[in-house]
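Chain and residue survey
Residues per chain are reported as follows:
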Amino acid sequence: MTDAKAVETVKFLGRDRPKLLIQNFNTSHNNEHYGNIVTYMRIKGLVPPSSEPRR
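Since the structure is predicted, the reported quantities are computational estimates derived from the model, not experimental observations.

Reading guide: rules and limits
Residues numbered from 1 in each chain as written. Predicted model: local features only at pLDDT ≥ 70, side-chain atom pairs only at ≥ 80, totals over all residues. Heavy atoms only, no water. Helix = DSSP H or I, 4+ residues; strand = E, 2+ residues; numbered from the N terminus. Rg over C-alpha atoms; globule rule 2.2 N^0.38 Å. Buried < 20%, exposed > 50% of the residue type's maximum accessible area, 1.4 Å probe, protein only. Areas by Shrake-Rupley, 256 points an atom, 1.4 Å probe, with all protein chains shown as cover. Lys, Arg positive; Asp, Glu negative; His and termini not counted. Charge placed at Lys NZ, Arg CZ, Asp CG, Glu CD. Phe/Tyr/Trp six-rings, centres within 6.5 Å; stacked < 30°, edge-to-face > 60°. Expected span 1.5 Å × (residues − 1). Contact = heavy atoms within 4.5 Å.

Section: the overall build of the chain
- When helices and strands are tallied, the chain shows two helices and two strands.
- Element order for the chain, N to C, with α for helix and β for strand: α-β-β-α.
- Its C-alpha atoms give the chain a radius of gyration of 17 Å, more than 25% over the compact-globule value 10 Å for 55 residues.
- With respect to the principal axes defined by its C-alpha atoms, the chain has extents near 45 × 30 × 5 Å.
- Every one of the 55 residues in the chain was classed for burial, and the buried ones make up 9%.
- Taken as a whole, the chain presents about 5,000 Å² of accessible surface, with 55% of it coming from carbon and sulfur.
- Within the chain, one finds 9 positive and 5 negative side-chain charges whose respective centroids are separated by 7 Å.

A word on the packing of aromatic side chains
- Tallying each qualifying case throughout the model produces one aromatic pair.
- Summarising the aromatic geometry, the rings of Phe-12 and Phe-25 are spaced 5.3 Å apart at their centres and angled 70 degrees between planes, so their arrangement reads as edge-to-face. Taken together, the residues span a long stretch of sequence, with Phe-12 in strand 1 (residues 9–12) and Phe-25 in helix 2 (residues 19–43) at a distance of 13 residues.
- For Phe-12, a relative accessible area of 22% corresponds to the partly exposed category.
- Assessed through its relative accessible area of 42%, Phe-25 is described here as partly exposed.

Examining unusual backbone geometry
- Even without being glycine, Leu-13 reaches a positive phi, approximately 55 degrees.
- Note that Leu-13 resides in the loop between strand 1 and strand 2 (15–18).
- In this structure Leu-13 comes out as exposed when scored by relative accessible area, which is 68%.

Here we look at helix 2
- If you check helix 2, its first and last C-alpha atoms are 37 Å apart, about what 25 residues at 1.5 Å a residue would give, namely 36 Å.
- Within helix 2, burial applies to Ile-22, Val-38 and Met-41.
- Taken together, the buried residues of helix 2 touch strand 1 and strand 2.

So this is what it looks like as structure tokens:
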């Protein structure tokens, strides 16, 4: 995405928003879901992929 495309606006949640803001929102939203998955995995005694030892 170019700088010019990043500041183009599109409708999102009923308002005009820059495309870069929507990408940031999507990344944050996905991270929240991953956090929920990590919590569930730990409750079940599993190690989340991001916590596995690096070799």
